[in-house]
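Residue-level listing of the chains:
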Amino acid sequence: MSARVLVVDDEAPARDRLKRLLAEIDDCECVGEAADGHEALKACAALEPGIVLLDVRMPGLSGMEVARHLTTLKEPPAVIFTTAYDEYALEAFEMQAVGYLLKPVRKEKLARALLHAARINGPSLARVAAAARLEPRRQHICTRLGEQLKLIPVEDIYCFLADQKYVTVRHAGGEDLIDEPLKALHDEFSPDFVRIHRNALIAERHIAAVEKVTEGQYAVRMRDRAEPLQVSRRHAGELLRRLREGIPD
Amino acid sequence: MTDAAPEARARAPDTVTFFLPDFCAARATLAIVLIVELVAFVLAIARHATQASFWIDLASLSLFLLWLGLSSSAVLCRSRNWLATMSAPRAAATALGLLLLTIALIAEIMFQTGRLWSRGLVGIASIFPTDHAGFLLRTIAIGFIVSALALRYFYVSAEWKRSIELEARARIHALQARIRPHFLFNSMNTIASLTRSDPSRAEEAVEDLADLFRANLSDARTRIPLKEELEVARIYQRIEQLRLGDRLQVRWNVEDMPMRALVPSLLVQPLLENAVYHGIETLPQGGTVTVTGSFDGSMIELEVRNPLSSVPATKERRGNRIALDNIRQRLDLAWPGQSRVEVTQEGGEYRVLLAFPYEGPAA
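### A closer look at the overall build of chain B
Right, so step 1: Scanning chain B for helices and strands turns up 10 helices and seven strands.
Right, so step 2: Taking all 363 residues of chain B together, the buried fraction comes to 27%.
Right, so step 3: For chain B, the proportion of contacts with a sequence separation of at least 24, taken over those separated by at least 6, is 73%.

### So, the overall build of chain A
Right, so step 1: Along the backbone of chain A there are eight helices and 15 strands.
Right, so step 2: When the 249 residues of chain A are sorted by exposure, 39% land in the buried category.
Right, so step 3: A sequence separation of at least 24 residues applies to 55% of the contacts in chain A between residues at least 6 apart.

### Focus: the sheet that holds strand β14 (residues 217–222) of chain A
Residue and element names in this part refer to chain A.
Right, so step 1: The sheet built from three strands is open, its strands ordered β13-β14-β15 with antiparallel pairing. Two strands lie at the open edges of the sheet, namely β13 (207–214) and β15 (229–231), each paired on one side alone. Adjacent strand axes in the sheet meet at a mean angle of 30 degrees, parallel and antiparallel pairs treated alike.
Right, so step 2: Where β13 and β14 come together, six bridges link them in antiparallel fashion. Residue pairing for β14: glutamate 211 is matched across the bridge by alanine 219.

### So, the environment of alanine 89 of chain A
Right, so step 1: Mapped onto the secondary structure, alanine 89 of chain A falls in helix α4 (residues 89–95).
Right, so step 2: When the C-alpha positions of alanine 89 of chain A and tyrosine 100 of chain A are compared, they lie 9.6 Å apart, and in sequence the two are 11 residues distant.

### So, the nonpolar core
Right, so step 1: Core analysis: the largest hydrophobic core is formed by 41 residues, its most contacted members being Val52, Leu53 and Leu54 of chain A.
Right, so step 2: If we ignore the near neighbours within four places in the chain, the residues touching leucine 53 of chain A are Val5, Val7, Val8, Leu18, Ile80 and Thr82 of chain A.
Right, so step 3: Judged by nonpolar contacts, the second largest core, of 38 residues, contains Ala205, Leu226, Ala261 and Val268 of chain B.

### Section: the environment of glutamate 203 of chain B
All names here are of chain B.
Right, so step 1: Position of glutamate 203 among the secondary structure elements: in helix α7 (residues 199–217).
Right, so step 2: With 13 C-beta atoms counted inside 10 Å, the residue glutamate 203 sits in the partly exposed group.
Right, so step 3: Along the backbone, glutamate 203 and isoleucine 191 are 12 residues apart, and their C-alpha atoms lie at a distance of 8.2 Å.

### Things to note about helix α8 (residues 226–244) of chain B
Each α-helix turn comprises 3.6 residues. Residues three or four places apart therefore point the same way.
All names here are of chain B.
Right, so step 1: If you check α8, its first and last C-alpha atoms are 26 Å apart, about what 19 residues at 1.5 Å a residue would give, namely 27 Å.
Right, so step 2: Residues of α8 that are buried include every one of Leu226, Glu229, Leu230, Val232, Ala233, Tyr236, Gln237, Ile239, Glu240, Leu242, Arg243 and Leu244, and no others.
Right, so step 3: Two residues or fewer past α8, glycine 245 is found with a positive phi of approximately 60 degrees.

### Brief notes about the sheet that holds strand β2 (residues 28–34) of chain A
All names here are of chain A.
Right, so step 1: One open sheet accounts for five strands, arranged β2-β1-β3-β4-β5; its pairing is parallel. Edge strands, defined here as strands with exactly one partner in the open sheet, are β2 and β5 (99–102). Neighbour to neighbour, the strand axes of the sheet diverge by 25 degrees on average, direction disregarded.
Right, so step 2: Pairing of strand β1 (residues 3–8) with β2, which is carried by six bridges, proceeds in the parallel orientation. Of the residues in β2, the one forming a bridge with arginine 4 is glutamate 29.
Right, so step 3: Sitting on the sheet, helix α2 (residues 37–47) touches β1, β2 and β3 (51–55), and the angle it makes with β2 is about 135 degrees.
Right, so step 4: Where helix α3 (residues 63–70) meets the sheet, it contacts β3 and β4 (78–83), and its direction lies at approximately 150 degrees from that of β3.

### Some details on helix α3 (residues 54–83) of chain B
Right, so step 1: At cysteine 77 of chain B, α3 of chain B is deflected by roughly 35 degrees, the largest bend along its length.
Right, so step 2: Within the sequence span of α3 of chain B, burial applies to Leu61, Phe64, Leu65, Leu68, Gly69, Ser72, Ser73, Leu76 and Leu83 of chain B.

### Topic: the packing of helix α1 (residues 12–24) of chain A against helix α6 (residues 181–197) of chain B
Right, so step 1: Two elements in contact, α1 of chain A and α6 of chain B, have axes whose closest approach is 8 Å; the angle formed by their N-to-C orientations is 60 degrees. The angle between α1 of chain A and α6 of chain B falls in the class oblique. With respect to the hand of their crossing, α1 of chain A and α6 of chain B are arranged in left-handed fashion. Residues Pro13, Ala14, Asp16, Arg17 and Arg20 of chain A of α1 of chain A pack against Asn189, Thr190, Ala192, Ser193, Leu194, Arg196 and Ser197 of chain B of α6 of chain B.

### Notes on the confidence of the model for chain B
All names here are of chain B.
Right, so step 1: In the predicted model, chain B carries a mean pLDDT of 83, and the fraction of residues at 70 or more is 85%.
Right, so step 2: Summarising per-element confidence for chain B, the mean pLDDT is lowest in helix α1 (residues 6–11) (39) and highest in strand β2 (residues 248–253) (96).
Right, so step 3: In the predicted structure, residues 1–13 sits below a pLDDT of 50 and forms five contacts with residues beyond four places in sequence or in another chain.
Right, so step 4: Here the prediction assigns the complex a pTM of 0.66, and the interface score ipTM is 0.78.

### Notes on the interface of chain A and chain B
For interface size, the figure often reported is the accessible area lost on association.
Right, so step 1: At the junction of the two partners, chain A supplies 18 residues and chain B supplies 25 residues.
Right, so step 2: Counted by class, the side of chain A that touches chain B contains eight nonpolar, two polar and eight charged residues.

### Considerations on unusual backbone geometry
Right, so step 1: Following lysine 103 of chain A, the chain continues to proline 104 of chain A via a peptide bond in cis, the omega torsion being -5 degrees.
Right, so step 2: Following the sequence through the fold, proline 104 of chain A ends up in the loop between β5 and α5 (107–115).
Right, so step 3: Of the consecutive residues serine 190 of chain A and proline 191 of chain A, the connecting peptide bond is found in the cis state with omega at 5 degrees.
Right, so step 4: Here proline 191 of chain A is to be found in the loop between α7 (182–189) and β11 (193–197).
Right, so step 5: Phi is positive for aspartate 27 of chain A, close to 60 degrees, though the residue is something other than glycine.
Right, so step 6: Checked against the element boundaries, aspartate 27 of chain A lands in the loop between α1 and β2.
Right, so step 7: Under the C-beta neighbour-count criterion, aspartate 27 of chain A is labelled exposed, with 10 such atoms within 10 Å.
Right, so step 8: Within the chain, leucine 266 of chain B stands out as a residue other than glycine whose phi angle is a positive 55 degrees.
Right, so step 9: Position of leucine 266 of chain B relative to the elements: it lies in the loop between β3 (262–264) and α9 (269–279).

What counts, and at which threshold
Residues numbered from 1 in each chain as written. Chains lettered and ligands numbered in written order. Predicted model: local features only at pLDDT ≥ 70, side-chain atom pairs only at ≥ 80, totals over all residues. Helix = DSSP H or I, 4+ residues; strand = E, 2+ residues; numbered from the N terminus. Buried ≥ 20, exposed ≤ 12 C-beta atoms within 10 Å, placed from the backbone. Contact = placed C-beta atoms within 7 Å. Pairing = 2+ DSSP bridges. Axes fitted to C-alpha atoms, helices over the stretch in contact; angles between N-to-C directions. Core = buried A, V, L, I, M, F, W, Y, C linked by C-beta atoms within 7 Å. Expected span 1.5 Å × (residues − 1). Bend = angle between axes of the 7 residues up to and from the residue. Parallel < 35°, antiparallel > 145°, perpendicular 65-115°, else oblique. Left-handed = near helix turned anticlockwise from the far one by under 90°. pLDDT = per-residue confidence, 0-100. Nonpolar A, V, L, I, M, F, W, Y, C, P; charged D, E, K, R; others polar.

Here it is as structure tokens:
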């Protein structure tokens, strides 16, 4: 069975070249192309390619972020990054055993990479991004609705609330469920997001008010006018200190 | 040292570039011994050019002067870190003061030792001085002259070494600033793609790339007519246009500029490259770079504006200072104190303004 490949690059000549090389390689077919990250995610959901050739540098949604979001899919494709030059990325790719190709791509290397293409997981991508000094944090959170992927801009998010199994994201466009631990979200989006409870991580910029419920017991009201969120005793001190320090700006 | 935070490093004494060498090291000690022996020779020759007592005199002078020299060297070794925190003239004056104190102290000890010793042993008396005030004064005077000369020597040789290093570093910087690997490999990729789909455009792209590299490899100090400089920038634009297509638009408002004016080469192209790399490339829809030139009869002003992405730049994109610093340095080298480089960023727009005097072609 031949590999179904999606080509993602913001530059038309780069896409053309990869498509032509793919046509010359046996056992693979190019099923589509995308010129930016959003198109890439849509194409992945619609075409279900087995392998994605993904440019690291793209405006808007970068290749690294697209790859992170792809891991949300039920059956994520294998990813091979392409890059013209990135001082720090190559070492990180090697370390995390992530497939990559240098542009201009050689046909033999492309053929070999397609043979060995493998899926990558979120945590190892996060490590690559950090080591490569690319986006250390995502600009969006991705949720899956059936086979479609939905992107929520991080600046629209009010809070993450952990349930038994899932995390609920409350944002300007409503509520969604994601499958990521609160701890990892806290690490990624700190200091813009503050932990106020074992099961709640809130966006500092969207805090409307902090109310005292009883002595030593606080609740936070967010800008979305939903139910106030309870602040645990353990996190109250930290939250109040940060808000006091934040007042000047 | 390498692990220190940048601020801590800036405040710490700059012992690496300090003009006094490390007197605890063998090299500097050897230099001191040589200086001391030369002075001993000069003094011995001046006193007894032909007499038989020359060698004895030289030996006793050497012994005394080595004491002076090595003690001075020890004092400088211990106080080097402290001296390195001062400005060069102050450090030199302080070092000289320290040396004179050391010399006076050693000479005094010497004199007292000689006096104590010569009471018991008559034969030794002749090699020790007898005139207290005269001996101290002569020692200090000679010590002053020799120390001052030695300090001057160390200063000049350190400056010479530093200027060589600076020049080498400036050259490397210039090279790094000029050829951005990102641009090179992306252009290669574009050409590889065009070779089959559009061979004639690929050919043009290779020619353009060659011209651009020729301009890059020319001496950074040469001045070229503004017309040629703008042409280099247009060649760069053509190459990037192949890659970015309609995403890159450049508006050239340069009709009012004196095209015959001589300017340092690579003034405009690096600014355009920065605008593409930090601006246009990061915008999904692309944007327009505006190059505006004006001339009031004496000063030429050149402005490059580009839109910026609202998403904060990632770390790797924050490297545009090198090219700007390089341009600032070269303008300052060409017209010391008469040029200016202004950078402003507001409302999602990045703007660089260069202003420099008009210099026409030689008649």
